[in-house]
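Analysis of the macromolecular model
Chain by chain, the residues run as shown.
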Amino acid sequence: MNKLPLNMGGLFSTLSVLALLMLSLTACNTIQGAGEDLERGAEEIQKAAS
């Protein structure tokens, strides 16, 4: 049997978070805004990983 290293739900969640992070980075106008977006993105990745 073939087993995937990640379940599909986890993979979908991770890809969704990364897509949202990329979109938010293109929308921020300042360095401070970029830092806040990165921090929020990292928090979402941590939530998805747990």
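As a reminder, the structure under discussion sits directly above these lines.
These remarks concern the structure in this document. Values in this document were obtained by computation on a predicted structure and should not be read as measured data.

**Points about the overall build of the protein**
Broken down by element type, the protein carries two helices and zero strands. Within the protein, the fraction of its 50 residues that count as buried is 14%. A total of about 4,300 Å² of accessible surface is found on the protein, and carbon and sulfur atoms cover 65% of it.

**Quick look at the pattern of salt bridges**
Tallied over the entire structure, the rule returns two salt bridges. For R40, the salt bridge is made with D37, and the minimal N-O distance between the two is 3.4 Å. Note that R40 and D37 are positioned in helix α2 (residues 31-49) at a spacing of three residues, about one turn of the helix. Classification of R40 by relative accessible area gives partly exposed; the value is 47%. The partner of E44 in a salt bridge is K47, and the shortest N-O contact between them spans 3.5 Å.

**Notes on a nonpolar patch on the surface**
A surface patch of nonpolar side chains, about 310 Å² in accessible area, is lined by L11, L15, L18 and I45. Residue position: L15 is located in helix α1 (residues 8-27).

**Concerning the environment of A19**
Here A19 shows up in helix α1. Residues A19 and G41, 22 residues apart in the sequence, show an inter-C-alpha distance of 10.0 Å.

**Overview of the environment of S13**
Structurally, S13 can be placed in helix α1. Separated by 31 residues in the primary sequence, S13 and E44 place their C-alpha atoms 9.6 Å from one another.

How each quantity is defined
Residues numbered from 1 in each chain as written. Predicted model: local features only at pLDDT ≥ 70, side-chain atom pairs only at ≥ 80, totals over all residues. Heavy atoms only, no water. Helix = DSSP H or I, 4+ residues; strand = E, 2+ residues; numbered from the N terminus. Buried < 20%, exposed > 50% of the residue type's maximum accessible area, 1.4 Å probe, protein only. Areas by Shrake-Rupley, 256 points an atom, 1.4 Å probe, with all protein chains shown as cover. Salt bridge = Lys/Arg side-chain N within 4 Å of Asp/Glu carboxyl O. Patch = residues over 30% accessible without salt bridge, like charges linked within 9 Å, V, L, I, M, F, W, Y side chains within 5 Å.

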